[in-house]
Amino acid sequence: MAAILSAEDQARIAVIRAKHEAGTAEQEDLKEFIRLLRQGRVSALTSSDAAKRKAAKAAIPSADDLLSELEGL
């Protein structure tokens with residue numbers, strides 16, 4: 001999560017966690033906490049999907065290479 005969330009978001013989460021542990025967190029704090037975590041997860045999914053697409057493109061050989069291998073047999 002450290003690479004996905006900005007330093008500002010990480011600091012805000014730390015403040016909300018401290019408030020929660022002290023028993024002073026309000027409903028709005030908890031809503032913001034959830035929003036920040038969801039934002040990080042969406043970012044992670046987006047970057048993960050892009051990485052998978054890039055890897056899939058790299059793994060597919062070109063048609064010319066496949067034909068040259070067949071001709072060589």
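For the structure itself, look to the data block above.
Here is what the cut-offs are and how they apply
- Residues numbered from 1 in each chain as written.
- Predicted model: local features only at pLDDT ≥ 70, side-chain atom pairs only at ≥ 80, totals over all residues.
- Heavy atoms only, no water.
- Helix = DSSP H or I, 4+ residues; strand = E, 2+ residues; numbered from the N terminus.
- Expected span 1.5 Å × (residues − 1).
- Buried < 20%, exposed > 50% of the residue type's maximum accessible area, 1.4 Å probe, protein only.
- Arc of directions from axis to C-beta.
- Salt bridge = Lys/Arg side-chain N within 4 Å of Asp/Glu carboxyl O.
- Core = buried A, V, L, I, M, F, W, Y, C linked by side-chain atoms within 4.5 Å.

**Student:** Can you break down helix α1 (residues 7-22) residue by residue, with the values?
**Tutor:** Between its first and last C-alpha atoms α1 spans 23 Å; for 16 residues at 1.5 Å apiece the expected length is 22 Å, and the two agree. Buried within α1 are the following residues: Asp9, Ile13 and Ile16. Buried residues of α1 fall within an arc of 65° about the axis and therefore sit on the same side. Those residues of α1 that are exposed and aimed more than 90 degrees away from the buried face are Ala7, Glu8, Glu21 and Ala22. Just downstream of α1 lies Gly23, where phi reads positive at about 80°.

**Student:** Tell me about the pattern of salt bridges, and please be specific about residues and values.
**Tutor:** For the coordinates displayed, the defined rule picks out 4 salt bridges. One salt bridge in this structure joins Arg12 and Asp29, with 3.2 Å as the shortest N-O distance. Of this pair, Arg12 sits in helix α1 while Asp29 sits in helix α2 (residues 27-59), placing them 17 residues apart in sequence. Of the residues examined, Arg12 reaches a relative accessible area of 25% and is grouped as partly exposed. Linked by salt bridges that have partners in common, Arg12, Lys19, Asp29 and Glu32 make up one network.

**Student:** So what's going on with the nonpolar core? Residues and values would help.
**Tutor:** Counting residues in hydrophobic clusters, the biggest one holds 6 residues: Leu5, Ile13, Ile16, Phe33, Leu36 and Leu37. Of all the elements in the fold, those that place two or more residues in this core are α1 and α2. Examining the composition of this core, we find that 3 residues originate from one element, α2, more than from any other.

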